[in-house]
Protein chains: 2
Amino acid sequence: MKQLLALFPLTTEQQQQVKDLGVNIVTSADLDAHRVAASDINIIYGWDKTGVAVANTASNQLQWVQTYSAGVDYLPLDLFATQGVQVTNASGIHAAAIAQSILGYIFHFTRGIWAAEQRRPQQQWQQSAPDLLVADETSVLIFGTGHIAVEAARLLKAMGVHVAGVNHSGHSADYFDETYAITDYTAGLAKADIIVNIMPGTPETTGYFNKTFFDQLTDKLLFINVGRGTAVVPADLETAIANGNLKYAALDVVSPEPMQKGNPLWTNDHILLTPHISGVMDHLDQRLFPILFENLTQFVKDDTLVRNQVNVARGY
Amino acid sequence: MKQLLALFPLTTEQQQQVKDLGVNIVTSADLDAHRVAASDINIIYGWDKTGVAVANTASNQLQWVQTYSAGVDYLPLDLFATQGVQVTNASGIHAAAIAQSILGYIFHFTRGIWAAEQRRPQQQWQQSAPDLLVADETSVLIFGTGHIAVEAARLLKAMGVHVAGVNHSGHSADYFDETYAITDYTAGLAKADIIVNIMPGTPETTGYFNKTFFDQLTDKLLFINVGRGTAVVPADLETAIANGNLKYAALDVVSPEPMQKGNPLWTNDHILLTPHISGVMDHLDQRLFPILFENLTQFVKDDTLVRNQVNVARGY
């Protein structure tokens, strides 16, 4: 019988569905109380420090981790590669939330919310704001053309935005007006008012948005990071804003997280900050469980997985 | 030769197009300097106190006012009715901006921006926020099903929102899942998480969102007013929030405007305030002039208008 360590909540109904497949559900409390040995766990649903402990247990029998996130850079991927642990992620289910967060960040600046909030402490009501743009007169360049980017592009296109994308090869993607290879996107960048990073956290993307990148920008409206905090060099971003290369930024991710008190980003009033919640949703379990269940149904038959498999070596 | 008082800016190119129709362009400065008599003005493009002065000039020859707004409640409509002055509005051109503002207000609360801003002064980065909803699990009830409401409904539907509308008769409208008559919308209200007012400012809508209305609400997420400030009784709204009938509000309009210092709304941290800019756009002139020009082309022929005519007696 497969042992599934549930580090992400399962409803009573979901627990029954798992048991009906002949899978035993184990909790962190079961491990702590030695009712089940960490070395007996085959499957982990979710992730936290207990997952780390299982993966580091000698002679463990971990075979598969189903994450609650699209990005998997927080997992011990090198260890998994050695141990042959498979990973499936939550790619797809965060797309709507993140795409809607991106719209929220854009409209925060283009619909005068930012300006109103700046003036509110002085109780200053003034029927004006800078940069009151309508979406159809803006152009957005998205780094990344995966599930999340496609959903963002779909919504932006519905409002008449010109949407361009950047990916490895420059291959086309649904809802994108045009796409560029990451080695040659200068023409796309020149047209863009708004730049969005949704690239996964990999060695290639670490520090990508640095002085060299920001120095290319001239009077851009907004830079949004919903990818990984490591992709951006914060001091270089702040310099770009101070120098007028860029007016505003919205950062849902920073590095390291949690962001510490005293970080200069806190007091930069041209930067909107959210605490890595662009993809968080109150009812995630209702969207995540179907992925687990579809994979689990196959896994109990032949130890293979059918949906959202991650290339552990590549990291996404 | 018709005399057009330009109270809204015309570009050099637009001025030439007007002149080519055989219409003379008059400015406020021309009136102030008595180069043209206020009583000679036939057409007003835009509106301000100079327009009021023209309308009140004895034996004036004012025939038509082309506004820059969709709502026309700030015009002396009774006087216009008496004088037979026609009014055309800017209905349609603000729809995209206002619909996008509505999305901005919704995502401000459902994508954790509000919570992040509340915690920012304390430099508190915490990966959580209340009410992190995805659009497809929400239901929106819009009071009004005109141009602006239809554009809002179109965008909301693209994200899977359930969209209901309220209008006079309950007649159907594009992109609305269902519509209710204003005399009988209880069933629609029961389903709604988010309530949006886009009704015009008329005697019927004045004070509509009062204690009686808010007392019907139970644990609603958000009330948005992009209609007219007069539609809402602010103290009743604040009480509804304090009592938990409603969590948040976003008010783009208040009464009177400008909102004065010391107004208790300023310090209600559950209410987002913007200064009547939901429909304001930097490049309005490029969207407004085509309406003026199309009407003017007909008007010089036979004093009739072809687009965006307002029923002066009804007020919208």
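Conventions we followed
- Residues numbered from 1 in each chain as written.
- Chains lettered and ligands numbered in written order.
- Predicted model: local features only at pLDDT ≥ 70, side-chain atom pairs only at ≥ 80, totals over all residues.
- Heavy atoms only, no water.
- UniProt positions renumbered as here; feature names shortened; annotations may be inferred.
- Helix = DSSP H or I, 4+ residues; strand = E, 2+ residues; numbered from the N terminus.
- Rg over C-alpha atoms; globule rule 2.2 N^0.38 Å.
- Buried < 20%, exposed > 50% of the residue type's maximum accessible area, 1.4 Å probe, protein only.
- Pairing = 2+ DSSP bridges.
- Axes fitted to C-alpha atoms, helices over the stretch in contact; angles between N-to-C directions.
- Contact = heavy atoms within 4.5 Å.
- Buried area = accessible area lost by both parts, 1.4 Å probe.
- Salt bridge = Lys/Arg side-chain N within 4 Å of Asp/Glu carboxyl O.
- Nonpolar A, V, L, I, M, F, W, Y, C, P; charged D, E, K, R; others polar.
- Right-handed = clockwise from strand over helix to strand, strands pointing away.
- Domains from an automatic or database assignment.
- Polar contact = N/O pair within 3.5 Å; in protein donor to acceptor, adjacent residues only side chain to side chain.
- Least-squares fit on C-alpha atoms with pLDDT ≥ 70 in both.
- Core = buried A, V, L, I, M, F, W, Y, C linked by side-chain atoms within 4.5 Å.

As recorded in an unreviewed UniProt entry, chain A goes by the name 3-phosphoglycerate dehydrogenase, listed as coming from Furfurilactobacillus siliginis. Looking at chain A in UniProt, the text filed under Sequence similarities (unreviewed entry) is "Belongs to the D-isomer specific 2-hydroxyacid dehydrogenase family."

Take the overall build of chain A next. When helices and strands are tallied, chain A shows 11 helices and 12 strands. Taken against the 2.2 N^0.38 rule, which gives 20 Å for 316 residues, the C-alpha radius of gyration of chain A at 22 Å falls within 12% of a compact globule. For chain A, the spread of C-alpha atoms along the principal axes amounts to about 65 × 45 × 35 Å. For chain A, buried positions account for 56% of its 316 residues.

The next subject is the sheet that holds strand 4 (residues 64-66) of chain B. Residue and element names in this part refer to chain B. Spatial strand order, 2-1-3-4-5: five strands in an open sheet with parallel pairing. Strands with a single pairing partner mark the edges of an open sheet, and in this sheet they are strand 2 (24-26) and strand 5 (86-88). Each adjacent strand pair in this sheet contributes to an overall mean axis angle of 20°, direction not counted. Note that strand 1 (residues 3-6) and strand 2 share three bridges and pair parallel. The partner of Gln3 across the bridge, within strand 2, is Asn24.

Taken residue by residue, the interface counts 59 residues in chain A and 59 residues in chain B. When chain A packs against chain B, the two sides together hide about 5100 Å² of surface, and 57% of this comes from carbon and sulfur. Where chain A meets chain B, there are four salt bridges. One salt bridge in this structure joins Arg287 of chain B and Asp136 of chain A, with 2.7 Å as the shortest N-O distance. If you list the elements that add at least two residues to the side of chain A that touches chain B, you get helix 5 (95-110), helix 6 (113-119), helix 7 (147-158) and strand 12 (271-273) of chain A. Counting residues per element, the side of chain A that touches chain B draws most heavily on helix 5 of chain A, which supplies nine residues. Of the residues that constitute the side of chain A that touches chain B, the class distribution is 28 nonpolar, 19 polar and 12 charged.

Before going further, it helps to spend a moment on the pairing of strand 11 (residues 246-251) of chain A. Residue and element names in this part refer to chain A. In terms of burial, strand 11 is a largely internal element, five of the six residues being buried. With five bridges joining them, strand 10 (residues 220-225) and strand 11 adopt parallel strand pairing. Note on strand 11: the bridge partner recorded for Ile224 is Ala250. Considered for its hand, the β-α-β crossover made up of strand 10, helix 10 (residues 234-242) and strand 11 is right-handed. Bridge analysis of strand 11 against strand 12 gives three bridges, and the strand direction is parallel. Its bridge partner lying in strand 12, Ala250 is registered against Leu272.

Now for the domain arrangement of chain A. Residue and element names in this part refer to chain A. In terms of domain boundaries, chain A breaks down into domain 1 (3-92 + 282-302) and domain 2 (95-273). With centres defined by C-alpha atoms, the gap from domain 1 to domain 2 works out at 34 Å. Where domain 1 abuts domain 2, roughly 400 Å² becomes buried across the two surfaces, and 43% of that area is made up of carbon and sulfur atoms. Across the contact surface, domain 1 and domain 2 share one salt bridge. Viewed at the interface, domain 2 and domain 1 are joined by three residue pairs in polar contact (both at pLDDT 80 or more). When the residues that make up the side of domain 1 that touches domain 2 are grouped by side-chain class, the tally is one nonpolar, three polar and one charged.

Moving on to the environment of Tyr175 of chain A. Residues and elements named next belong to chain A. Along the chain, Tyr175 turns up in the loop between strand 7 (162-167) and strand 8 (178-181). Placed 22 residues apart in sequence, Tyr175 and Ala153 show a C-alpha to C-alpha distance of 5.6 Å. Those residues in contact with Tyr175, other than ones at most four positions away along the chain, are Val150, Ala153, Arg154, Lys157 and Val163.

Attention now goes to the UniProt feature "domain: D-isomer specific 2-hydroxyacid dehydrogenase NAD-binding" (unreviewed entry) in chain A. With numbering matched to this structure, UniProt assigns "domain: D-isomer specific 2-hydroxyacid dehydrogenase NAD-binding" (unreviewed entry) to residues 104-278 of chain A. Secondary structure content for residues 104-278 of chain A is 26% helix and 19% strand, and the end C-alpha separation is 10 Å.

Moving on, we get to the sheet that holds strand 7 of chain A. All names here are of chain A. Strand order across the open sheet formed by seven strands is 8-7-6-9-10-11-12, with parallel pairing between neighbours. Edge strands, defined here as strands with exactly one partner in the open sheet, are strand 8 and strand 12. Ignoring which end each strand starts from, the neighbouring axes of this sheet average 15° apart. Helix 5 rests against strand 9 (194-197), strand 10, strand 11 and strand 12 of the sheet, and its axis sits at about 150° to strand 10. Across the sheet, helix 10 is in contact with strand 10, strand 11 and strand 12; its angle to strand 11 comes to roughly 145°.

Time to look at the relation of the copies chain A and chain B. When chain A is fitted onto chain B, the two copies agree to an RMSD of 0.1 Å after a turn of 180° and an axial shift of 0.0 Å. Both copies are brought into coincidence by an operation consistent with a two-fold rotation axis. Residue Gly104 of chain A of chain A places its C-alpha closer to the rotation axis than any other residue of that unit, at 2.6 Å. The overlap is high: 100% of the interface residues of chain A also sit at the interface in chain B, so the same surface is used on both sides.

What follows is about the nonpolar core. With 82 residues, the main nonpolar core has Ile142 and Ile224 of chain A together with Ile142 and Ile224 of chain B as its most contacted residues. Non-local contacts of Ile142 of chain A, meaning those with residues more than four positions away in its chain, are made with Ala149, Ala152, Ala153, Leu156, Val163, Ala164, Gly165, Val166, Phe176, Val196 and Ile198 of chain A.

The next thing to look at is unusual backbone geometry. A cis amide bond links Glu257 of chain A with the next residue in sequence, Pro258 of chain A, at an omega value of -5°. Relative to the helices and strands, Pro258 of chain A is located in the loop between strand 11 and strand 12. Look at the link from Ser255 of chain B to Pro256 of chain B: it is a cis peptide, with omega at -5°. With respect to the helices, strands and loops of the structure, Pro256 of chain B is situated in the loop between strand 11 (246-251) and strand 12 (271-273). We note that Asp131 of chain A has phi near 60°; this positive angle belongs to a residue other than glycine. Within the fold, Asp131 of chain A resides in the loop between helix 6 and strand 6 (139-143). Residue Asp131 of chain A is classed as buried on the basis of its relative accessible area, which comes to 10%.

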